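# Analysis of the macromolecular model
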Amino acid sequence: MNDTALQTSPITLDRRLLLGDTDYQVTAFPTDDHRIDLCIVSTGPDGDVLSELSAGLSPADLPNVTEVLTSTLAGLIGMTRPAPAPPQAPPPDRGARHPNQGTRWTPDDDDRLRTRFRAGARPRELMAEFGRSRNAIRARLERLTELEPGAPWPPATSGPQ
């Protein structure tokens, strides 16, 4: 809206918004000095005034004032909200426990795992030797079809077979 439009067509905005229990009355109207008077009043459910804002605005400055108010009010919201809860402690470092976690298995690893499994190596021994978790060892043995999915670990043998 330019100054000429304001002079020749006096526009009055009268709007009521109800957000939750808060009633907002917004009024805007042109003035003789080619500005817009804006008034926003919010009231609670008991009719008490919660907030009141009034301003005289230049129509040409409305886009910039909108940006300034949006930014400022967003900052005020952040400043008046309770502080966020402290972050959770990070999970324990598992890299030291299983140094090869996430590392690709090599064909040599696969051959050595097959040999050790067939020789009766226990899960703890394989975990230490390959630097991987029990589940990683089991998953690899299942992938190599040395162990059926969900099957129990075979009993310990008395020696290599």
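Here we summarise the structure given alongside this text. (Residues numbered from 1 in each chain as written. Predicted model: local features only at pLDDT ≥ 70, side-chain atom pairs only at ≥ 80, totals over all residues. Heavy atoms only, no water.)

### Observations concerning the packing of helix α3 (residues 107–118) against helix α5 (residues 134–143)
Running from amino to carboxyl end, α3 crosses α5 at an angle of 95°, the nearest separation of the two axes being 11 Å. Looking at the two axes, α3 sits roughly perpendicular to α5. Within the contact between the two elements, α3 uses Asp 110, Leu 113 and Phe 117 and α5 uses Ile 137, Arg 140 and Leu 141. The class makeup of the residues in the contact of α3 with α5 is four nonpolar, no polar and two charged. (Axes fitted to C-alpha atoms, helices over the stretch in contact; angles between N-to-C directions. Helix = DSSP H or I, 4+ residues; strand = E, 2+ residues; numbered from the N terminus. Parallel < 35°, antiparallel > 145°, perpendicular 65-115°, else oblique. Contact = heavy atoms within 4.5 Å. Nonpolar A, V, L, I, M, F, W, Y, C, P; charged D, E, K, R; others polar.)

### A short note on the pattern of salt bridges
Within the structure shown, the criterion is met by eleven salt bridges. Measuring nitrogen to oxygen at the nearest pair gives 3.1 Å for the salt bridge that ties Glu 129 to Arg 112. Here Glu 129, found in helix α4 (residues 123–130), pairs with Arg 112, found in helix α3; they are 17 residues apart in sequence, far enough to count as distant. Between Arg 118 and Glu 146 there is a salt bridge, with its nearest N and O atoms 2.5 Å apart. Of this pair, Arg 118 sits in helix α3 while Glu 146 sits in the segment after α5, and the two are 28 residues apart along the sequence. (Salt bridge = Lys/Arg side-chain N within 4 Å of Asp/Glu carboxyl O.)

### So, the packing of aromatic side chains
Note on aromatic pairs: each is described by the distance of the centres and the angle between the planes. Throughout the structure, instances matching the rule amount to two aromatic pairs. Ring geometry for Trp 105 versus Phe 130: centroids 5.7 Å apart, planes at 40°, classification tilted. With Trp 105 in the loop between α2 (62–80) and α3 and Phe 130 in helix α4, this pair connects stretches of sequence that are 25 residues apart. Here Trp 105 matches Phe 130 in class, with each residue buried. Geometrically, the ring pair formed by Phe 117 and Trp 153 is edge-to-face, given 5.3 Å between the ring centres and 90° between the ring planes. With Phe 117 in helix α3 and Trp 153 in the segment after α5, this residue pair connects regions lying 36 residues apart in the sequence. Across from the ring centre of Trp 105, 4.0 Å away, lies the NZ or CZ of Arg 132, which sits over that ring. (Phe/Tyr/Trp six-rings, centres within 6.5 Å; stacked < 30°, edge-to-face > 60°. Buried < 20%, exposed > 50% of the residue type's maximum accessible area, 1.4 Å probe, protein only. Lys NZ or Arg CZ within 6 Å of the ring centre and 35° of its normal.)

### Some remarks on the pairing of strand β1 (residues 13–19)
Remark: a regular strand shows side chains that alternate across the two faces of the sheet. The element β1 is largely exposed, with a buried count of zero among its seven residues. Pairing geometry for β1 and strand β2 (residues 22–30), over seven bridges, is antiparallel. What sits directly across from Leu 17, in β2, is Tyr 24. Linking β1 to β2, which pair antiparallel, is a turn of two residues; within it Gly 20 sits at a positive phi near 65°. (Pairing = 2+ DSSP bridges.)

### Quick look at the pairing of strand β4 (residues 49–57)
Summarising the sheet, strand β3 (residues 36–43) and β4 pair through eight bridges and their orientation is antiparallel. If you follow Asp 37 over to β4, its bridge partner there is Gly 56. Hairpin remark: β3 followed by β4, antiparallel, with five residues in the connecting loop; positive phi at Gly 47, about 90°.

By themselves, these figures tell us nothing about what the structure is for.
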